[in-house]
Amino acid sequence: MSALDSPRPANRLIGLALLLPAALSCIIAFLVPTFSTVLMSLRSIRLFSGDSDFVGLTNYLELLRDEQAGSALLVTLLLVLARLLAVTILPLALAYGLARAGRGLRVGVRVLFTVPITLFIPSIIAVVWHIALSSRVGIVSGPVFTNPAVSRLLLVLIDGLTTLLVAAGIALVAYLPVLRAPGGATRRLGGIVAVGVLATIALTLQSFSWSYAFMPGGLAARTASLAHNQYLLAFRGMNFGPAAALATGVLLPVMALGVAAVVVLILLDLRLEQEPAEAPAATGNRVGAMVLLALTVLCLAGACVVAVLPMPIALGGALSMSRLVPRTFTESADYLRLMLVNGSLLPAIPVLLFQLPLTYLAALGIGALRPLGKYSDWLLLLFAPWLFLTVSPLSLTLFNRLREAEQLGTFLAQIRPLWISVPIMVVLVLYFKGRLPLYEQAKAVGGPAIRAFFRTIVIPSLWLTALLTLVAIMLRARGLLMPLLVTRTPDEQPLHLYVLQASLDFMGFPGLPIALVLVLLPGFIFYMLSYGIFQARLLDRLLLVSGSSEVAVPEASVAADSEGGQKANSAEA
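First, a word on scope: everything that follows refers to the structure included in this document. All values derive from a computational prediction rather than experimental measurement. In every chain, residue numbers begin from 1 and rise along the written sequence. In view of the model being predicted, local features appear only for residues whose pLDDT reaches at least 70, and side-chain atom pairs are presented and counted only at 80 or more, with totals across whole chains, interfaces and linings using the full set of residues. Working from all heavy atoms in the structure, the side-chain values ignore hydrogens and water.

## Let's talk about the overall build of the chain
Okay, so step 1: Each helix is a run of DSSP H or I of at least 4 residues and each strand a run of E of at least 2, with the numbering of both proceeding from the N terminus. Summing up its helical and strand segments, the chain has 26 helices and four strands in all.
Okay, so step 2: In the chain, which comprises 573 residues, the share counted as buried stands at 55%.
Okay, so step 3: Counting only carbon and sulfur atoms, one obtains 70% of the accessible surface of the chain, whose full area is about 24,100 Å². Partly exposed describes any residue whose relative accessible area lies between the buried limit of under 20% and the exposed limit of over 50%, with all areas from a 1.4 Å probe on protein chains only and scaled to the type maximum. For the area figures, the Shrake-Rupley method with a 1.4 Å probe applies, and any residue is considered shielded solely by the protein chains shown.

## Some remarks on the packing of helix H13 (residues 226-235) against helix H18 (residues 395-404)
Okay, so step 1: For helices, the axis comes from a line fit to the C-alpha atoms of the stretch in contact; other axes are also lines fit to C-alpha atoms, and the angle between any two N-to-C directions lies between 0 and 180 degrees. Packing of H13 against H18 leaves a shortest axis separation of 11 Å and a crossing angle of 35°. Touching Gln230, Ala234 and Phe235 of H13 are Ser395, Leu396 and Phe399, all from H18.
Okay, so step 2: Class assignment for the residues of the contact of H13 with H18 results in four nonpolar, two polar and no charged. The contact criterion used throughout is that any non-hydrogen atoms of two residues lie within 4.5 Å. Each residue gets one of three labels, nonpolar for Ala, Val, Leu, Ile, Met, Phe, Trp, Tyr, Cys and Pro, charged for Asp, Glu, Lys and Arg, and polar for the others, Gly among them.

## Focus: the side chain of Ser225
Okay, so step 1: Looking at the element boundaries, Ser225 is found in the loop between helix H12 (209-214) and H13.
Okay, so step 2: Residue contacts for Ser225: discarding those within four places in its chain leaves Ala72, Val75, Thr76, Ser207, Phe208 and Ser211.

## Digging into the packing of aromatic side chains
The description of an aromatic ring pair uses the distance of the two centres, along with the angle that the planes make with each other.
Okay, so step 1: Side-chain rings of Phe, Tyr and Trp, where Trp is taken by its six-membered ring, are said to pair if the distance between their centres is within 6.5 Å; with planes under 30 degrees apart they count as stacked, over 60 as edge-to-face, and otherwise as tilted. The final tally for this structure, using the stated rule, is 16 aromatic pairs.
Okay, so step 2: An angle of 90° between the planes, with centres 5.6 Å apart, marks the rings of Tyr360 and Phe432 as edge-to-face. Pair noted here: Tyr360 is in helix H17 (residues 328-367) and Phe432 is in helix H20 (residues 422-444), with a separation of 72 residues, a long-range link.
Okay, so step 3: By relative accessible area, which is 13% here, Tyr360 ends up buried.
Okay, so step 4: Phe432 sits in the buried class, given a relative accessible area of 0%.
Okay, so step 5: Ring geometry for Trp463 versus Phe534: centroids 5.7 Å apart, planes at 85°, classification edge-to-face.

## Looking at the pattern of salt bridges
Okay, so step 1: By salt bridge we mean one thing: a side-chain nitrogen of Lys or Arg within 4 Å of a carboxyl oxygen of Asp or Glu. Counted by the stated rule, this structure contains nine salt bridges.
Okay, so step 2: The closest approach of N and O atoms between Arg110 and Asp540, which form a salt bridge, is 3.2 Å. Highlighted residues: Arg110 in helix H6 (residues 103-112) and Asp540 in the loop between helix H25 (512-537) and strand E4 (542-545), separated in sequence by 430 residues. Asp540 shares its class with Arg110; the two are buried.

## Thoughts on the pairing of E4
Okay, so step 1: Burial along E4 is two-sided: Leu542 and Leu544 facing one way and Leu543 and Val545 facing the other are all buried.
Okay, so step 2: Strands are treated as partners if at least two bridges between them are detected by DSSP. With four bridges joining them, strand E3 (residues 271-274) and E4 adopt antiparallel strand pairing. Across the sheet, Leu272 pairs through a bridge with Leu544, a residue of E4.

Laid out in structure tokens, this is it:
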């Protein structure tokens, strides 16, 4: 492939030019706040007094002696263990069995396991469990979540159960393209599983929403995660120094895990290709695979029943304890506005205006134009430290910036841009690499190079780009930490945060059942329809192959370019 091995000088120049805006954004959005957080950890900073003194490693030494910091580390390690068990066994077995199934069954199960992903709103799940296990509903005889003996274990169990169901859906997206691709899949699968393990550890180290939502306020002494404890140190202790030290202690290993994951992907030389329309039938022990699939689905169905059971109980309990007053319909309109504006429109603005364009252009420069030839993938190392980064470790610096600029509670604070998305960039780079053979063939049959580039690379990528954009908006809309920090009144909060805070005393929250339905139902319908289309139209046809694997190239787009090129040549003649 000439584009892979020996790019033209124009490709080098354009590819690096497309990469430059994302690189500058990475410096502004990630690198500078990272250094600021590290420097903050070496100082004693009082939030409201403005006092700031250099204390060196004192903040780190205080953390080592802090009993609550030790408890937070233990809780986080338990969450890591539970999540690793959840993402590595049953989801892999599910993908293995489904890889040898027919397309109809495969797509159906894909859509089925999209349900837990669409319902994954930690704050709302916490509200449901709180109501279902409340002594007022009558299922249990005592306040379960306030019992120190069981609260930590309960948090880990619920988190692990939910992670298992979400991981099953994600595994079908990550593992199936490897298992269904031709050639030896063992090495590729091992690499993808390794990346999944690294991602699980990194994301769990930064986990905030579960701990905060399940154990808010004074209940967090035994159940705070590292990220939750960081929040408590900064905004209750009012001293950003120890909180920044804790953030730095999380930030550095997360960055190392991101670099390790990108190196694994580069060494595997992976690319995403699209399965031909006339795909060969699956091979292997199909009977054994179907038995494994049936057993795995049965186990996951049992977990799903346990996870979903609290929902009708919670809604029934909320209805029985709520006073349905005449202002319910007015409240419904307010909830709908919070959901549409604060929960959907505001999260979409920065993704569409900043994150998507910068990320797409950078991925196009690396994956399609290949400015460094076969070594172009190593350019991803510029962004790799922030592959798994969430907002938590940098939240102190971001909050300080907004506070000093007097933007807390403003529109700009609510649409704060994260500038680029490194995970989206990596996925698009793999996809563009997989489209390069089509581009080379289209040029070889005489089509104009620019037209071939758009027809074989840019236009086909719009489906995947739309899916990744939808995921980015959904994740941003369901975040909990930054809305807590930058909003000042309920009118500024997304609906899921408003429901969480108001439901702490749900006896005085008559609109809780309506609010729960408005949070869950519209999003569920929208995302299920959207992801169902993407599962059948795009995801089920993607294959993840390595440099030594070959997939039959679909001839439709090449033929179209060939016909276009012949017409163009005839016109010139």
